[in-house]
Each structure stands twice: as C-alpha cells, then as structure tokens.
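# Reading the structure
This is what each chain is made of:
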Amino acid sequence: MSDCFDRAPGAGRGQGGRGRGGGALLSGSGAAESGSAGARLGGSGFHSPGAAEPQHKPGFLQQQEPLRPPKTAPPGTGNAEHMPQTKVSPVSQDKIAAHDCGSAMAKPQLVVAPVATSKLSVNAPEFYPSGYNPSFTDSSFEDGCDGYPTLTEYVQDFLNHLTEQPGCFETEIEHFAETLNGWVTTDEPLQELVELIYRQATSVPNFSYMGARLCNYLSHHLTINPQSGNFRQLLLQRCRTEYENRDQAAKGDEATRKQFHAFVLFLAELYLNLEIKGTKGQVMRAEILQTGLRELLNALFSNPVDNNLICAVKLLKLTGSVLEDAWKEKGKTDMDEMVQRIENVVLDANCSRDVKQMLLKLVELRSSNWGRVHVTSTYREATPENDPNYFMNEPTFYTSEGVPFTAADPDYQEKYQELLDREDFFPDYEENGTDLSGAGDPYFDDIDDEMDPEIEEAYEKFCLESERKRKQ
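Since the model is a prediction, treat every value here as computed from it, not as a measurement.

Calculation notes
- Residues numbered from 1 in each chain as written.
- Predicted model: local features only at pLDDT ≥ 70, side-chain atom pairs only at ≥ 80, totals over all residues.
- Heavy atoms only, no water.
- Helix = DSSP H or I, 4+ residues; strand = E, 2+ residues; numbered from the N terminus.
- Buried < 20%, exposed > 50% of the residue type's maximum accessible area, 1.4 Å probe, protein only.
- Contact = heavy atoms within 4.5 Å.
- Expected span 1.5 Å × (residues − 1).
- Arc of directions from axis to C-beta.
- Phe/Tyr/Trp six-rings, centres within 6.5 Å; stacked < 30°, edge-to-face > 60°.
- Lys NZ or Arg CZ within 6 Å of the ring centre and 35° of its normal.

## Digging into the overall build of the protein chain
The secondary structure content of the protein chain amounts to 18 helices and 4 strands. Scored against the burial criterion, the 472 residues of the protein chain give a buried share of 32%. For the protein chain, the share of sequence-separated contacts (at least 6 apart) that also reach a separation of at least 24 residues comes to 61%.

## Structural notes on helix 15 (residues 353-367)
Between its first and last C-alpha, helix 15 extends 21 Å over 15 residues, near the 21 Å set by a 1.5 Å rise per residue. The complete set of buried residues in helix 15 reads Val355, Leu359, Leu362 and Val363. Down the axis of helix 15, the smallest arc covering the buried residues is 100°, so these residues share one side. Exposed side chains of helix 15 directed beyond 90 degrees from the buried face belong to Arg353, Asp354 and Ser367. Directly beyond the C-terminal end of helix 15, a positive phi value near 60° is found at Asn369.

## Here we look at the packing of aromatic side chains
What the rule picks out here adds up to 5 aromatic pairs. Plain terms: the ring middles of Tyr198 and Phe266 are 6.0 Å apart, the flat faces sit at 75° to each other, and that makes the pair edge-to-face. With Tyr198 in helix 7 (residues 187-203) and Phe266 in helix 11 (residues 254-273), this pair connects stretches of sequence that are 68 residues apart. As far as burial versus exposure is concerned, Tyr198 and Phe266 are alike and both buried. Linked through ring pairs, Tyr148, Tyr154, Phe158, Phe176 and Trp183 together constitute an aromatic cluster. Between Arg246 and the ring centre of Tyr243, over which it is positioned, the NZ or CZ distance is 4.2 Å. In this structure, Arg285 packs its charged tip against the face of Tyr271, placed 5.9 Å from the ring centre.

Printed below as a string of structure tokens:
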C-alpha cells in the first residue's frame, strides 16, 4: 500500500494497467480484472512516458481521476473505514468502480461534526447561593411572622438576610422591631432573641458591627420590660458571662481563643454603637463597657501569643481614640499604660516579627493622635503664630560672617538692617522719585551708561541668533 502513496499522481498509469500504479492498485485481483481495470484507467488523461494513446470503451464517459488523499487523515477522523461516506448514484458507482478497490485510493470523506447537546433549560429551577433562604425575601416582612412556626426561625432568617444584604438594615429594621413587639411578650422569648443575636454576632465574620447596630435599635424600640430585665440588660448579662471567663479563654486552645476574640471585637462594637440616655437626657456610651474593654486588653497582653496580640491591635485600632478621650476626661492615664505594655511586649515577648511590627505601627498611630486631623472651621489670616508655614517662601540672607538668617529668626530685623547699612542698597529718594543724593554722589558716579565691549558684542550675537531662530 505504501507504494501507492510514494509515487507521483498518475505516474505509471497506462494502457493495460502496466506500471507500478496498476499493479499496486489491483494486487489480489485476477488477470482479467487487472486488464479491465487497466483499460478503464487508461482514459484518465494521465500518460506514462512512451505509452500509446489509450483506447476508450464505448458507452463509458471519460472519468476524471480524483486527487490522491493525504497520507495522514484529518484530526479526529480516525480510521477511514469507519468514516461516514457520501451517497452517490448507481451510475456514478459503475463509473468509478475501478477506484474503490482497496483502501489506498479512497475518495476524500465528509466528516460530520458531532452535535453538542445542552443540558440548560428554561424550565430549570432557580439557583440560589449557599446559605441563602429562597423563602426569605425583602418583602417577607410585609406579612410579619406569618409562615414562621417559631420565633427562632423568623429571627434567624432575618439575621442571615442582614448578613447577606446589610444595606437593607435601614429599610427593614423598623418593621422587624414592630413584629417582635407583637411576638416577644414574655421573658423567655426575649432571652431567646438575645441569645440568637449574640451567637450570630460572635460566630459570623463581619457581623459584629451590624449586630451592635441591631442591639442598639432594639434596646430603644422593644417595649417589653419583664422583671428579669429589658433587652439591653439581658444583653449585658450575656456578655458578662463571657467576660468573667476572659483569663481562661486567653490561655485556652486555638478554638477557644478564636471564640474569645470574636467576643472581644463584638464588645468593642457595642461600646461604640450602644447609646444610653443619661439622667439629664443626654446620649452617652455605656461606661461599664469601657471598664470591660480595659480588662480584656489586660487579659490579652498577659498572654502574649500571636493571635491574642493581633486581637488587641484590632481592638485598639477600633476603639483607641474613643477610649483615650474618655480616660483623659477623667484624668486617667490608662492609654499611656497600655502603650508601655505594648513596648514591653515588643522587647520581651516571644512573638513573631510581623506581630511586633504591627504593635510598633499601633504605637506610631497613637503618637499621631490616632490619625485624626483637627481642621479649624473659621478662616483666620495667616500669622507667624498660627501658621507654621508662614515663613516657608521667605528668602534667605547671609551676614558678613556668612551665617544664614531668614524672617523666622527672632533677630531678623536687626540683622537685616545691618545688611542694608553695609551694602547701601537703598539711597535716599523723594516720594516722587527725585534723586536727593545730589551731584557727585559716589554711588551714581560709578554708573556708566555705555556697555563693556565684550558685553555689547555678546548682546549683538544674542539678538542675531534670536532673529534667526524666529525666522525659521
């Protein structure tokens, strides 16, 4: 078979099927078949050198020899014997019967691409992300708690909804509080509500801020006030349970410390967001939380492992400025003590280099007043007393000894007057510009109206060069 592919197209084909082409194509056939095939191939229009003019049999049309197929099949077609073939008429099959013997000179096959079957359907069920409840939508609160068999399911769905769409807080919190006022009428469901919110705020990442805002709103809008305490009192009691175990939690295993750190950050958010009305009606923060945060910081720094120190850094970045302002109002130096403890940890504790760098950055942040910039609201004219950059663009002068001085120096006026006297920069003039120096003044006698020859020559060259460049 390889002989058929090595020859040139049409080479060796002649009358009677003589040559390599006819013999190779008809290998395995009888002598009569060989002669018949050779006669049919003689009319292909291809001639061997020196061969006689082929004779055409009557009743047969002149058949054009197809081109030789490539040695390698197209990619993905596989064996030629298994490829689907194009359908031809019976007359055409008689005309090209000689070319179908063997597989070496098979006609080019038509490759049918497979049809991809899609599994998509317009009737497919809706897709929801993991953790999303399709039965809970933005309009679910229009009917209140209808459709929820228990308070736990209703509150948990709302908390999950806020976790996924925190922007809905402002538009839905009022209706949520009204629904709770119609459902939470005894002490038991109120305690269950507190536990659900606390668990969500300390177990779901990034929900501590939203949980603190939710607690602040419910503490002012829940009307139930049982003997065991209102919503805010029960919430603080729940936090106190975790607070009393702070030392053991800071020394516990990694899972225990992780849960403890979540509680610390939630308490920090509560301190910033929970508003309490004072005796005179003023809005203030819960002072008990301020004291609690101070003790939580002590527990974290007393066990200086990496994750405890990272939690302390997060806590101070979040509440450091507010805590320091509150302590300064009372004349306390608690923040200075905290900074001293941080410096001791950096020097003595066996923590990682990255954590030490975080602690040093925290100290640097505190030294810059926690990144706060106080801008004066009223416009004031800049003076050397209120503007540190007042003398920024002032020129620099030098005394006779070469000592520089500017307008910012206390003895600027005295040094500047000495400079004027020495150089005699400003002779006496009248207000209208008349010269009072009189004739024969040495300052004006030295002035010559004529230019030096070298200067005059350089000036002329400059003018000519400028004129030449202008004309270009």
